[in-house]
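# Residue-level structure breakdown
This is what each chain is made of:
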Amino acid sequence: MSEKFIEEMIKKSLFYHRFIYVFQIIYIVYLNLAGFGLSNGFTYLCIGVILGCWLIDKIYYSNRKKLRRKAVSIKCSIQILLFSACMFYPDVTVIAYIPFLVYSLVLIFEDTIFNNIYDDYNILIRRIIFIAFLSCGAIGSFLDFSDATRAFGGIALSATSTVTILYVLHLFSQSIGELDKKANEYYFDKMSLDEDRKKLIVFQDRVKSVNDEINLQKINLVKANANLENMNKEVRSLIEVMKEFSSSFDVKKNIRKMMENIVDIKNAGMCGVFINKDVFFNKEPYMDIISQSKENELALRADFEKLFEMVKNRKSPNPIVLINNMEYKEKFIKGTNLCNAIAFPAYENDHYYGVMVVASSKYDFFESGNSFYESSLMDFTTALRSVRLYLQMEDMARKDGLTSIYNRAYFNESYKKIVKKVIDENLSLTVALMDIDKFKSINDTYGHLAGDEVIKMVAGMDNKYAERHGGIAVRYGGEEFLMILTGKTLDESIEILKEMHREIRSTVVEFDNLKININSSIGVASYPETTSNIEEVLDRADHAMYYSKEHGRGHIIIDGKEEESYNDIQDI
């Protein structure tokens, strides 16, 4: 039996014992009053014995935790002896004996169960003594031993009762013992299973922990592989872009290629580049933007120059966070649907020449870092140095050394392209050929250095008006200059030339305290207004200029209208 079961049954036994004692007292009193032959002395004896057993129970159960469990055997033995003693009272009857016998058997069963011992010989002998004592006392109380036959029958009956009760008790004890053995086996099996289950749970937890670690490592490995693949993709793209940079000296094309690569590799929502003027021979600041949203592009375009001024004044190569997860850090490109935006300064040594902005509507867009964008911009800067050196060399080859405007060699190379563009796009073409009047006299009078200053002044005027109206200026000969205008009508071109002619005539060239006034003769031809053959425009302009020089100088002569135009233009 389990300790828990025995403890619970010992607690409950006191409750049942009380009822048994009460019923026994009521039963004995009833037998006495009903005239069943019980004397008052026997009645008092039984009641005293019952109350004594009650007292023994109280003492035992009150101190049970202090007493050893085998003390229950002592308690049961004392109580059985008390009940057995009653059986030897002279006038006891069978009807009075029965409840005491039954309760004594109950005590023997309790002793067996509560001691949890079913095959101990000492317990067995004690039971035999108790049962024999009860049987002998009971049989002797109501049989007459004066008759030998009746006495022998009483003894036989007593022995039979003893053996029968003992056998029943033995069967009960063995059955309970076997069941208890089985229960113990099951208990220990269960304990073993519980232990195995605990070990299995621990093992499962370890396996789960190992699996979780393996899964985490797999996830990290996948992430690492993905990051490595992205890095390889980025490196390959940068290499391809560098190849494009090395094969092209077109800065604008290179800027567009860099932005397209960033948008393609990083899936950026917008990428824009601003380059300050005079970085790659650009007279005005240059900007280019790729954007998924027209509104975002317009917002960046409006703020680009101010953003560059901040970068230039800040003088730091570190990226500037404009928007971080919808939180605006700077005053630029507000009112957009952008979630993240960073400005990357473009610099060469300590010179800040531009800025690149990368933006996206995605949350945590820049969580993987900024190295790809900074590397792209550094590669562009490296390529820009080569481009600038190439452009400088090319510019030196294209430009006249004295005046810094295009020379005749460049004109001969580019004029064919200009003609082709005019034909392809159905544009108008105006060519003005200008010569400084009496230039030999200026050289002879003031010297060649003074003549150089005059040439530089006229070339500067030619270039000023050409650039202002989208044309090109060329030093065609020693003191001869060209202005090429496309997309302008003849009347529009004449107005431009009139203004330039006036400014040349009103400008005084100062050299070594000398003041030199000059004038110029200009011949103008226009396609398709003065000639339908575009190949003849340059020759007709040359003819018109020489017509001006031969007819008084200082005039603007229009091809085909020499006689008509002379008087109209000579007083401008």
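### What about the overall build of the protein chain?
Within the protein chain one finds 15 helices and 13 strands. Across the protein chain, the fraction of contacts at a sequence separation of at least 24, relative to all contacts at a separation of at least 6, is 65%. As displayed, the protein chain has an accessible area near 31,500 Å², and 56% of this comes from carbon and sulfur atoms.

### Points about helix 11 (residues 439-446)
Buried residues of helix 11: Phe439, Ile442 and Asn443, and no others. All buried residues of helix 11 fall inside an arc of 95° around its axis, so they share one side. Turned more than 90 degrees from where helix 11 packs its buried face, Lys440, Asp444 and Thr445 sit exposed. For helix 11, the elements touching its buried residues are strand 7 (429-436) and helix 12 (448-468).

### Overview of the packing of helix 12 against helix 13 (residues 490-506)
Orientation of helix 12 relative to helix 13, taken along the N-to-C sense of each, is 150°, at an axis distance of 10 Å. When the axes of helix 12 and helix 13 are compared, the pair comes out roughly antiparallel. The hand of the helix 12/helix 13 crossing is right-handed. Two secondary-structure elements touch here, helix 12 through Met457, Val458, Met461, Asp462, Lys464, Tyr465 and Arg468 and helix 13 through Ile496, Glu499, Met500, Glu503 and Ile504.

### Topic: the sheet that holds strand 7
Spatially, five strands are ordered 8-9-7-12-13 in an open sheet, and the strand pairing comes out mixed. Pairing within the sheet leaves two strands with one partner each, and these edge strands are strand 8 (472-475) and strand 13 (556-558). Put simply, the sheet's adjacent strands are angled 20° from each other on average, direction ignored. Sheet topology places strand 12 (residues 520-527) next to strand 13; three bridges connect them, and they run parallel.

### Description of the confidence of the model for the protein chain
Overall, the predicted model of the protein chain reaches an average pLDDT of 81, with 80% of residues at or above 70. Low pLDDT, under 50, characterises residues 566-572; the stretch is placed with 13 contacts to residues that sit more than four places away or in other chains.

### Regarding empty space enclosed by the protein
By the definition in use, this model includes one cavity of 30 Å³ or more. If you add up the space inside the largest cavity, you get close to 30 Å³. Lining the largest cavity are Leu238, Val241, Met258, Asn261, Ser376 and Asp379. Taken together, the elements giving at least two residues each to the lining of the largest cavity come down to helix 6 (148-247), helix 7 (251-266) and helix 9 (371-398). Here the residues of the lining of the largest cavity are counted per class, giving three nonpolar, two polar and one charged.

### Describing the environment of phenylalanine 100
Within the secondary structure layout, phenylalanine 100 lies in helix 4 (residues 94-115). It is 8.7 Å that separates the C-alpha atoms of phenylalanine 100 and cysteine 86, two residues lying 14 residues apart in sequence.

### So, the pairing of strand 5 (residues 340-348)
Along strand 5, eight of the nine residues are buried, which leaves the element largely enclosed by surrounding structure. In terms of strand pairing, strand 3 (residues 320-324) meets strand 5 through three bridges, oriented antiparallel. Each bridged residue has a counterpart across the sheet, and for valine 321 the counterpart in strand 5 is isoleucine 342. Taken together, the nine bridges between strand 5 and strand 6 (residues 351-360) define a ladder with antiparallel strand orientation. Its bridge partner lying in strand 6, glutamate 348 is registered against histidine 351. Where strand 5 hands over to strand 6, the hairpin turn is made up of two residues, of which asparagine 349 adopts a positive phi near 60°.

### A short note on the pattern of salt bridges
Using the criterion set out here, one finds 18 salt bridges in the structure. As a salt-bridge pair, glutamate 453 and lysine 456 come within 3.0 Å of each other at their nearest N and O atoms. Of this pair, glutamate 453 and lysine 456 both sit in helix 12, three residues apart, which is roughly one turn of the helix. For lysine 456, a relative accessible area of 35% translates into the label partly exposed. Residue glutamate 503 is joined to lysine 464 by a salt bridge in which the shortest nitrogen-to-oxygen separation is 3.0 Å.

### Description of the sheet that holds strand 4 (residues 327-328)
Reading across the sheet, the six strands line up as 2-1-6-5-3-4 and stay open at both edges, with antiparallel pairing between neighbours. Edge positions in the sheet fall to strand 2 (286-291) and strand 4, since each has one partner strand and no second. Running at roughly 25° to strand 2, helix 7 makes contact with strand 1 (270-275), strand 2 and strand 6 of the sheet. Contacting strand 1, strand 2, strand 3, strand 5 and strand 6, helix 8 (residues 294-314) runs over the sheet at an angle of about 140° to strand 6.

### Observations regarding the nonpolar core
Grouped together as the largest cluster of nonpolar side chains are 33 residues, with contacts concentrated most on Met483 and Met500. Sorting the residues of this core by element identifies strand 7, helix 11, helix 12, strand 9 (480-486), helix 13, strand 10 (508-511), strand 12 and strand 13 as the ones contributing at least two each. Examining the composition of this core, we find that nine residues originate from one element, helix 12, more than from any other. Among residues more than four places away in sequence, those in contact with methionine 483 are Thr430, Val431, Ala432, Asp462, Tyr465, Ala466, Ile472, Ile496, Leu497 and Met500. Core analysis: the second largest hydrophobic core is formed by 32 residues, Ile262, Ile290, Ala346 and Phe366 among them.

### Concerning the packing of aromatic side chains
Each aromatic ring pair is summarised here by two numbers: the centre-to-centre distance and the angle between the ring planes. The tally for this structure, following the rule as stated, stands at 12 aromatic pairs. Residues phenylalanine 366 and tyrosine 373 carry aromatic rings whose centres are separated by 5.6 Å and whose planes lie at 70° to one another, so their mutual orientation is edge-to-face. Owing to a relative accessible area of 1%, tyrosine 373 belongs among the buried residues under this scheme. Here a set of aromatic residues connected by ring pairs shows up, and it is made of Phe344, Phe365, Phe366, Phe372 and Tyr373. Its guanidinium or amino end placed over the ring of tyrosine 406, lysine 399 lies 5.1 Å from that ring's centre, counting from NZ or CZ. The ring centre of tyrosine 476 lies 3.8 Å from the NZ or CZ of arginine 408, which sits over that ring.

### Things to note about the environment of leucine 107
Checked against the element boundaries, leucine 107 lands in helix 4. Remark: the alpha-carbon pair of leucine 107 and serine 77, spanning 30 residues in sequence, is separated by 8.3 Å.

### Quick word on helix 2 (residues 40-62)
With 23 residues, helix 2 extends 33 Å from end C-alpha to end C-alpha; this agrees with the ideal 33 Å at 1.5 Å per step. Among the residues of helix 2, Phe42, Thr43, Cys46, Val49, Ile50, Cys53, Asp57, Tyr60 and Tyr61 are the ones counted as buried.

### Side note on the layout of surface pockets
Estimated volume of the largest pocket: approximately 1,200 Å³. In terms of lining residues, the largest pocket is bounded by 37 residues, among which Phe281, Lys283, Arg398, Tyr406 and Tyr410 are the most central. If you list the elements that add at least two residues to the lining of the largest pocket, you get helix 7, helix 9, helix 10 (408-425), helix 12, strand 8 and strand 9. Taken together, the residues of the lining of the largest pocket sort by class into 15 nonpolar, eight polar and 14 charged.

Cut-offs used in this document
Residues numbered from 1 in each chain as written. Predicted model: local features only at pLDDT ≥ 70, side-chain atom pairs only at ≥ 80, totals over all residues. Heavy atoms only, no water. Helix = DSSP H or I, 4+ residues; strand = E, 2+ residues; numbered from the N terminus. Contact = heavy atoms within 4.5 Å. Areas by Shrake-Rupley, 256 points an atom, 1.4 Å probe, with all protein chains shown as cover. Buried < 20%, exposed > 50% of the residue type's maximum accessible area, 1.4 Å probe, protein only. Arc of directions from axis to C-beta. Axes fitted to C-alpha atoms, helices over the stretch in contact; angles between N-to-C directions. Parallel < 35°, antiparallel > 145°, perpendicular 65-115°, else oblique. Left-handed = near helix turned anticlockwise from the far one by under 90°. Pairing = 2+ DSSP bridges. pLDDT = per-residue confidence, 0-100. 1 Å grid on protein atoms, 1.4 Å probe; cavity = no way out; pocket = protein on both sides within 12 Å on 5 of 7 lines; lining within 4 Å. Points joined across faces, edges and corners; volume = space filled by probe spheres on them. Nonpolar A, V, L, I, M, F, W, Y, C, P; charged D, E, K, R; others polar. Salt bridge = Lys/Arg side-chain N within 4 Å of Asp/Glu carboxyl O. Core = buried A, V, L, I, M, F, W, Y, C linked by side-chain atoms within 4.5 Å. Phe/Tyr/Trp six-rings, centres within 6.5 Å; stacked < 30°, edge-to-face > 60°. Lys NZ or Arg CZ within 6 Å of the ring centre and 35° of its normal. Expected span 1.5 Å × (residues − 1).

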